[in-house]
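# Reading the structure
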Amino acid sequence: MDRTGQTPAACPLRESPVPLYGGLLARDPRHLYDVLHRRWGAIAPVELGPGVAAWLVMGHREVLELVRNERAFSSDARRWNAITEGLLPEDSPLLAVLGWRPALNRLDDQDHRRARHAVTETLNGIDLRRLGSAVRARAGALVHAWAADGAADLVAQYGDPLAWYAFTVLIGLPESAQGEPAALLGALAGGTHDAARAEAELMRVLHRLVARKREVPGPDLTSWLLAHSAHLTEAEVAHNLAAVLLSGGRSTMSWITATLRLLLGDARLHAAVATGRLTVTDAADRALWDGSPVPNIAGRWARSDVLFAGCRVAAGELLIPCLAAANSELLRHGAQDLGSRAHVAWGAGSHGCPAKDVARSIVETAVEVVVERLNALRPAVPDTALRRRPSLWCGTPDELPVVFNPFGPAPGTAAAPPASRVVMGVPEKRRGERAGDGGPAPQRWGWWNSMNGW
Ligand code: HEM
C-alpha cells in the first residue's frame, strides 16, 4: 500500500515509458514536463535511450525526498542496473554524464564527505571581488568585439565564452586552452554520439593540467586541491575538476542565458532593471524559478527495493530529480510570492550546490555588463524559433540572437587591458600566520608567496 492507503499502481515501467530522447526534448522541455506531470503525477516512467529505463521524479516533495534521503537513494552510479546487467555499451553517450567517476558528485557517505570537504574549502578560497573584476574585464572585451555591428548571439559570442573564461581562470587553464574544452562540455551535456569522445578528451586536458600544477602550482583551484589536507590523488583531483566543470560550467552558462532571455522576453522587467527599480540579482533569481539552468539532476539510484511516490522502484534503478517540474509545481501554488529561496534550482541535501556565490558573481556581472552597455536591446528572432539541443541536462536554447543600437569603438581599436587572472584569496593557513598566530610557514604554501596579487 502507498501512503494514501491505496494499493500502488502496477509498475508502469513495464507499460509505456516515455522516450526522453530524440525530438521530444528539442521543442519545449517545460511544456513536456508539465504534460508528463499532469499525465503521471509525481513520478513518470521514461526511457533515456532505447531500452534504458528510468524514473523521472517531478513532484516538489518527492524531488526533495529523493535528494535528501541518502539512506534510500545513492549518488553512486556503479549501482545502476543498466551497468551491472551490461545493458549499456562502454561508449554509451549516457555515461558521459551519468557514469561513475571518483569525484564528489558520484560518491556517498564518508567518501563523499572527504571529497566535498576538499572541494568546498577550495571553492571558499575564491576571492569573489577579484573574480568579478576578471569577468567584467572579459565581458567588456567580448562586447567590444561586436558592439559596432548592432547584432550578436548572446550565447555563442557572449555568455558561453565568458563563463568558460571564468572557469579557465578558476582552474588555472592557460589562455591558449580557451574554446576547445568549452565545446567538449557542450558535447558532453548534449549527450550526442560524440559525448564519450568528448569526455575522454576533457579528462586528457584535466590530467595534463593536474600534472603541470603539481610541478608549478599557481593561484587556482587545481593547485589548492592538490595541496589540500584530504590528500586527493592526482586522478581524484582531475575527476573532481571534471565534476566542477560538469556541475558548474554548463549551469553557469545556462543561468546567464536564462536571465538574459527573461529580460529579452519581458520589456517591463528589463526597464525596471535598467533603471535600477529592480536589481540584476532579482532578475537572476527569477530565472532560477523556471528550472532552466539545471532542469534535471544527473541521477540517484535506489539502494534497495523501495516503494516511492506510490511506485515500486527496484534496487539499482535510476531516478532523475526533475528540478524544472518541481519548481513549476511550486509556481502553480503561488510559491514565488513567498520569496526566491523556495525553488530547488540548487538541489538540496548533502550534494546541494556548494558554489552558489561563485556562480552568482559570474552570472550577475555578465548580465550587468549587457544591461549597462547595450541600448534598445531586443530579440532578433521569436523565442519559439530559438535552436536548442534535445538534452535532459540543458535547459536553455543554444542561441540568443539580439539586435541593439550599434556603438563605437570603430572596428580594430583596442579593448581595455585584460584583468589579472589571480582570483584566489590568501590560503587559510597564510591568513592565520599573517594575523600573527606564530609558527613557521608550512612548506606546502611556500609556492603561494611567489604569486603576484597579494
Ligand atoms: C561556479 C559555478 C558552479 C560550480 C563551481 C558548481 C559546482 C558544483 C559541484 C561541485 C556540485 C556537486 C556537489 C556534490 O555532489 O557534493 C554541484 C551540485 C549542484 N549544482 Fe552547482 N556549481 C556551479 C553553478 C551552479 C549553477 C549556476 C546551478 C544552477 C542554478 C547549479 C546547480 C547545482 C545543482 C542542482 C547541484 C546538485 C546536484 C546533485 O544533487 O547531484 N550549480 N555544483
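Residues numbered from 1 in each chain as written. Predicted model: local features only at pLDDT ≥ 70, side-chain atom pairs only at ≥ 80, totals over all residues.

## Things to note about the sheet that holds strand β1 (residues 18-19)
Pairing within the open sheet is mixed, and its 6 strands lie in the order β1-β2-β3-β9-β6-β4. On the outer flanks of this sheet lie β1 and β4 (73-74), each paired with one strand and no other. Where β4 and strand β6 (residues 300-302) come together, 2 bridges link them in antiparallel fashion. Bridge assignment links Ser-74 to a residue of β6, and that residue is Trp-301. Its contacts with the sheet put helix α3 (residues 60-68) on β2 (43-49), β3 (52-57), β4, β6 and β9 (318-321), and the angle it makes with β9 is roughly 120°. (Pairing = 2+ DSSP bridges. Helix = DSSP H or I, 4+ residues; strand = E, 2+ residues; numbered from the N terminus. Contact = placed C-beta atoms within 7 Å. Axes fitted to C-alpha atoms, helices over the stretch in contact; angles between N-to-C directions.)

## As for helix α15 (residues 323-332)
In terms of burial, α15 is a largely internal element, 7 of the 10 residues being buried. If you check which residues of α15 are buried, you get Leu-323, Ala-324, Ala-325, Ala-326, Asn-327, Ser-328 and Glu-329. Each element contacted by the buried residues of α15 is listed here: α2 (29-40), α3, α14 (280-289) and β9. (Buried ≥ 20, exposed ≤ 12 C-beta atoms within 10 Å, placed from the backbone.)

## Considering the sheet that holds strand β11 (residues 401-403)
Taken in spatial order, the 3 strands make up an open sheet running β5-β11-β10, and their pairing is antiparallel. Two strands in the sheet have a free side with no partner beyond their single neighbour: β5 (151-153) and β10 (378-379). Judged from the 2 bridges that link them, β10 and β11 form a sheet pairing that is antiparallel. Residue Arg-378 lies in a different strand from β11, and its bridge partner there is Val-403.

## Details of the site of the ligand
The immediate surroundings of the ligand are formed by 27 residues, with Gly-248, Ser-251, Gly-347, Cys-353 and Ala-355 found nearest. Classifying every residue of the shell around the ligand by side-chain character gives 17 nonpolar, 9 polar and 1 charged. Among the domains, domain 1 (1-97 + 295-344) and domain 2 (108-287 + 348-454) are the pair contributing at least three residues each to the shell around the ligand. (Near = placed C-beta within 6 Å. Nonpolar A, V, L, I, M, F, W, Y, C, P; charged D, E, K, R; others polar. Domains from an automatic or database assignment.)

## Description of unusual backbone geometry
Trans peptide bonds make up the majority, and among non-glycine residues the majority have a negative phi. Its identity as a non-glycine residue notwithstanding, Asp-109 has a phi of 50°, on the positive side. Relative to the elements of secondary structure, Asp-109 occurs in helix α6 (residues 109-123). Its identity is not glycine, yet Ala-309 carries a phi of approximately 50°, on the positive side. According to the C-beta neighbour criterion, Ala-309 is buried, with 23 such atoms within 10 Å.

## Some remarks on the packing of helix α7 (residues 128-146) against helix α8 (residues 155-171)
To describe two helices that pack against each other, one gives the angle between their axes and the distance between the axes. α8 packs onto α7 with a crossing angle of 145° between their chain directions and a minimal axis gap of 10 Å. Crossing handedness for the pair α7 and α8: right-handed. From α7, Leu-131, Ala-134, Val-135, Arg-138, Ala-139, Leu-142 and Trp-146 reach across to α8, where they touch Gln-157, Tyr-158, Pro-161, Leu-162, Tyr-165, Ala-166 and Val-169. In terms of residue class, the contact of α7 with α8 is made up of 12 nonpolar, 1 polar and 1 charged. (Left-handed = near helix turned anticlockwise from the far one by under 90°.)

## Quick look at the pairing of β3
With 6 bridges connecting them, β2 and β3 associate as antiparallel partners. Looking across to β3, one finds that Ala-44 is bridged to Leu-56. As defined by bridge partners, β3 adjoins β9 across 3 bridges and the pair is classed as parallel. By the bridge assignment, Trp-55 is partnered in β9 with Leu-319.

## A closer look at the nonpolar core
Within the largest apolar cluster, 133 residues are counted, with the highest numbers of intra-cluster contacts made by Val-57, Met-58, Leu-188 and Cys-322. A domain split of this core shows at least three residues from each of domain 1 (1-97 + 295-344) and domain 2 (108-287 + 348-454). Not counting the four nearest positions on each side in its chain, Met-58 is found in contact with Tyr-33, Leu-36, His-37, Ala-42, Ile-43, Ala-44, Cys-322, Ala-325 and Ala-326. (Core = buried A, V, L, I, M, F, W, Y, C linked by C-beta atoms within 7 Å.)

## A few points about the pairing of β2
Looking along a regular strand, one sees side chains alternate from face to face of the sheet. Here 2 bridges tie β1 to β2, and the two strands are oriented parallel to one another. Pairing of Pro-19 across the sheet is with Glu-47, part of β2. Between β2 and the antiparallel strand that follows it, β3, lie 2 residues; Gly-51 among them carries a positive phi value of about 80°.

## Comments concerning the confidence of the model for the chain
Predicted confidence across the chain gives a mean pLDDT of 87, with 85% of residues reaching 70 or more. Confidence drops under pLDDT 50 across residues 1-10; counting only partners more than four residues distant or on other chains, this segment forms 11 contacts. Scored below 50 in pLDDT, residues 434-443 makes 5 contacts in the model with residues more than four places away or belonging to other chains. (pLDDT = per-residue confidence, 0-100.)

## Remarks on the environment of Leu-25
Relative to the helices and strands, Leu-25 is located in helix α1 (residues 24-27). Each C-alpha atom, one on Leu-25 and one on Pro-390, is 4.7 Å from the other, the two residues being 365 residues apart in sequence. Excluding residues that lie within four positions of it along the chain, Leu-25 makes contacts with Leu-20, Leu-32, Pro-390, Ser-391 and Leu-392.

## Re the packing of α14 against helix α16 (residues 356-373)
Here α14 crosses α16 at 115°, and the two axes come no closer than 10 Å. Judged by the sense of rotation from one axis to the other, the crossing of α14 with α16 is right-handed. Along its contact with α14, which presents Val-280, Thr-281, Ala-283 and Ala-284, the element α16 presents Arg-360, Val-363, Glu-364, Val-367, Glu-368 and Val-371. In terms of residue class, the contact of α14 with α16 is made up of 6 nonpolar, 1 polar and 3 charged.

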